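# Overview (structure and organization)
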Amino acid sequence: MYKISVILPVYNAEATIKNTLKSIEEQTIKELEIICVDDGSTDASADIIKKEQKEDGRIKYYFQENQGAGIARNKGIVMAHGEYIAFMDADDEYATNNALFDLYKTAKNKNAIVCGGSAVGNGISDDGIRRFTDSRWYDFKEYQFDYMFGRFIFNRDYIWNNKLIRFPELRVYEDPIFLFYALSETGKFYAVAEDVYKYNGEHQATTMNLCKTKDYLKGLIKELELTSKKGLSKLHYTVFERLEKDANYYAEKNLDSGDLELFKLLMDANQAVDLQMLYEIDKKKRKNYILPTLNTIWIMSNKYLKLRNSTAMKISRKLIGR
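The structure reproduced in this document is the subject of the present report. Everything numeric here is computed off the predicted structure, so don't read it as measured data.

Core analysis: the largest hydrophobic core is formed by 57 residues, its most contacted members being Phe-87, Tyr-143, Phe-154, Phe-178, Phe-189 and Leu-243. If you look at the next biggest cluster of nonpolar residues, it comprises 37 residues, including Val-6, Ala-46, Tyr-104 and Ile-153.

Here it is in structure tokens:
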């Protein structure tokens, strides 16, 4: 009987996967299964995992064609047999050897469906959100945060029976949607102040191409709609800031692609922003808000039409017979 199934999606992680696996294997709680889902790696990741597997029978290896970490994690959920499920990224580690034991023991003692702990890593402060300042029950309506899902464990039966709690088929921003559903569906979770998860951050430097930019927008739109529906103003505003700053920046970099889906997603994102919720958090927010990228498109198209209809352009078109 496994107490915890650790689900580990892997994609071209030959530089870090051995240390990550060691971090799991060295946990003091031994009733683990370690589910490695290879998301189409083209490097030596599979060889490293299989070598470790020969030394530790708790490691299981599965391969899938490259589809993204979210789909790999969903596959891991199907394969999991543990009482609880944990998720680990292939370049991260557990903060201590007792991390999973502490989370499991607390979850059992408190009868918690979801149990979490503090995260460590560059830029992670003692803010009571990323790092919990005390051990207690948290109401999700009070907490309103959706990042760093790796520092939680989740009751496997609850996850299995609630089909909402899955990773969307996105290349990026699949983690916040999963954690949002997990925490909002349970309503509350127990957290310990101890450090349990160490984010190394290398996976955050992923290049945002057009495909990932569109997936990022899809994830933001989904969460904007969910937070608006559930009345979570604080989290809605946080998601809006990601849209206005990060997603807007990535979208503008890809405007020259001429991709109509990107434009439609920007329109949908602008529509998904709940202006009343923004106003509740920041009284300075306009009630006729338009995303900066859409505003840029409007200004540039306006300038183009003025230039196109200018006298000089009309004469030029006549001269070239157009």
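Having seen the model, we can carry on.
Moving on to the packing of helix H8 (residues 210–230) against helix H9 (residues 233–253). Following both chains from N to C, one finds H8 and H9 inclined at 160 degrees, their axes separated by 10 Å at the closest point. With respect to each other, H8 and H9 are oriented roughly antiparallel. Two packed elements cross with a definite hand, and for H8 against H9 that hand is left-handed. In contact with Thr-213, Tyr-216, Leu-217, Leu-220, Glu-223, Leu-224, Thr-227 and Ser-228 of H8, H9 contributes Leu-235, His-236, Val-239, Phe-240, Arg-242, Leu-243, Asp-246, Ala-247, Tyr-250 and Ala-251. For the contact of H8 with H9, the class distribution of residues is 11 nonpolar, 4 polar and 3 charged.

Moving on, we come to the environment of Lys-230. As for its position among the elements, Lys-230 is in helix H8. When the C-alpha atoms of Lys-230 and Asp-259 are compared, they prove to be 32 Å apart, with 29 residues separating the residues in sequence. With residues near it in sequence (within four places) discarded, Lys-230 still touches Phe-180, Ser-184 and Glu-185.

Rules used throughout
- Residues numbered from 1 in each chain as written.
- Predicted model: local features only at pLDDT ≥ 70, side-chain atom pairs only at ≥ 80, totals over all residues.
- Heavy atoms only, no water.
- Core = buried A, V, L, I, M, F, W, Y, C linked by side-chain atoms within 4.5 Å.
- Buried < 20%, exposed > 50% of the residue type's maximum accessible area, 1.4 Å probe, protein only.
- Axes fitted to C-alpha atoms, helices over the stretch in contact; angles between N-to-C directions.
- Helix = DSSP H or I, 4+ residues; strand = E, 2+ residues; numbered from the N terminus.
- Parallel < 35°, antiparallel > 145°, perpendicular 65-115°, else oblique.
- Left-handed = near helix turned anticlockwise from the far one by under 90°.
- Contact = heavy atoms within 4.5 Å.
- Nonpolar A, V, L, I, M, F, W, Y, C, P; charged D, E, K, R; others polar.

Read these as spatial facts, not as claims about activity.
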